[in-house]
Amino acid sequence: MRTFAVVGHLAPTGNGFPLDDLPGSAGRMDILCRCVNAALSISHGIRRDAEIHLILLGPPSPPKDLLLQGSVVRSLSPDERSTAALIRKALALPTGESFRESSPGILVRRGGLAGLIADGGYAVLSEDGRDMRTFPDLPGAFLLSDHLDFTAEEEEILPGLPRISVGPRVLHADHAITVLQNELDRREAGWS
Ligand SMILES: C[S@@+](CC[C@H](N)C(=O)[O-])C[C@H]1O[C@@H](n2cnc3c(N)ncnc32)[C@H](O)[C@@H]1O
């Protein structure tokens, strides 16, 4: 299983955001939708061995942990608007500590970064990290930030986690996921 988690520092935690303004009043929901695409989509299909958590920290009721599971998700299209519509539907559900499913493979619960990291197994994807190609084995779970750096408070939760870089340039979060997926695909196929 490949697990990704992306912190959306401004991303809404209610279902009132407009699908027509994902980069603006929807708190950069466009970035998170592109990350979902990079984590779960392949040409004409879904990566059934992948899942992605979106840690939403914007108003009105942060934090929320929205999970999209490639193994069971249905009707996920690669375009940002339809992904945002699925996210919006999930955010209409009342949340508690346990996940609730809004549609197959799309679940939501109250919860933030600390709880997720406590599950174990995470590495931080970071432009300042160690070259992924120097790791004989890569972990199975990867944490990224959106367009903003991790806050000082978030960084306090992360010490001790491996920090992995996918290359020498600072990339958009979804591009970093794509490059990492490619590395994992190559290893799985015995190409390297
Ligand atoms: C646009 S970057 C975040 C902002 C960035 N710190 C900056 O200075 O502009 C989004 C996220 O993508 C991931 N990322 C970007 N470049 C990366 C790289 N070369 N290796 C690993 N992860 C990377 C990190 O998780 C980062 O937080």
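Predicted, not measured: the structure shown is a model, and the values here were computed from it.

So, on to the packing of helix H1 (residues 29-40) against helix H5 (residues 173-188). Contact geometry for H1 and H5: axes closest at 8 Å, N-to-C directions at 5 degrees. Accordingly, the angle class assigned to the pair H1 and H5 is roughly parallel. Only Ala-173, Asp-174, Ile-177, Thr-178 and Gln-181 of H5 make contact with H1, whose side of the interface consists of Arg-34, Cys-35, Ala-38 and Ala-39. Its residues assigned to classes, the contact of H1 with H5 shows five nonpolar, two polar and two charged.

What follows is about the side chain of Ser-103. Along the chain, Ser-103 turns up in strand S6 (residues 100-103). You can call Ser-103 buried: its relative accessible area is 12%.

Let us now look at the site of the ligand. The full set close to the ligand counts 17 residues, and Leu-125, Glu-127, Asp-149, Arg-169 and Leu-171 are the nearest of them. A distance of 3.4 Å is found between a nitrogen atom of the ligand and a backbone nitrogen or oxygen belonging to Ser-126. Across the complex, the protein chains shield 83% of the 570 Å² of accessible surface that the ligand would expose by itself. Counting only elements with at least two residues in the shell around the ligand, the list comes to strand S8 (122-131), strand S9 (141-145), strand S10 (163-165) and H5. In terms of residues, the shell around the ligand owes the most to one element, S8, which gives three residues. When the residues that make up the shell around the ligand are grouped by side-chain class, the tally is eight nonpolar, five polar and four charged.

Let's shift gears to the packing of aromatic side chains. Applying the stated criterion across every chain yields a total of one aromatic pair. Between Arg-130 and the ring centre of Phe-135, over which it is positioned, the NZ or CZ distance is 4.0 Å.

Here is what the cut-offs are and how they apply
- Residues numbered from 1 in each chain as written.
- Predicted model: local features only at pLDDT ≥ 70, side-chain atom pairs only at ≥ 80, totals over all residues.
- Heavy atoms only, no water.
- Axes fitted to C-alpha atoms, helices over the stretch in contact; angles between N-to-C directions.
- Helix = DSSP H or I, 4+ residues; strand = E, 2+ residues; numbered from the N terminus.
- Parallel < 35°, antiparallel > 145°, perpendicular 65-115°, else oblique.
- Contact = heavy atoms within 4.5 Å.
- Nonpolar A, V, L, I, M, F, W, Y, C, P; charged D, E, K, R; others polar.
- Buried < 20%, exposed > 50% of the residue type's maximum accessible area, 1.4 Å probe, protein only.
- Near = heavy atom within 4 Å.
- Polar contact = N/O pair within 3.5 Å; in protein donor to acceptor, adjacent residues only side chain to side chain.
- Areas by Shrake-Rupley, 256 points an atom, 1.4 Å probe, with all protein chains shown as cover.
- Phe/Tyr/Trp six-rings, centres within 6.5 Å; stacked < 30°, edge-to-face > 60°.
- Lys NZ or Arg CZ within 6 Å of the ring centre and 35° of its normal.

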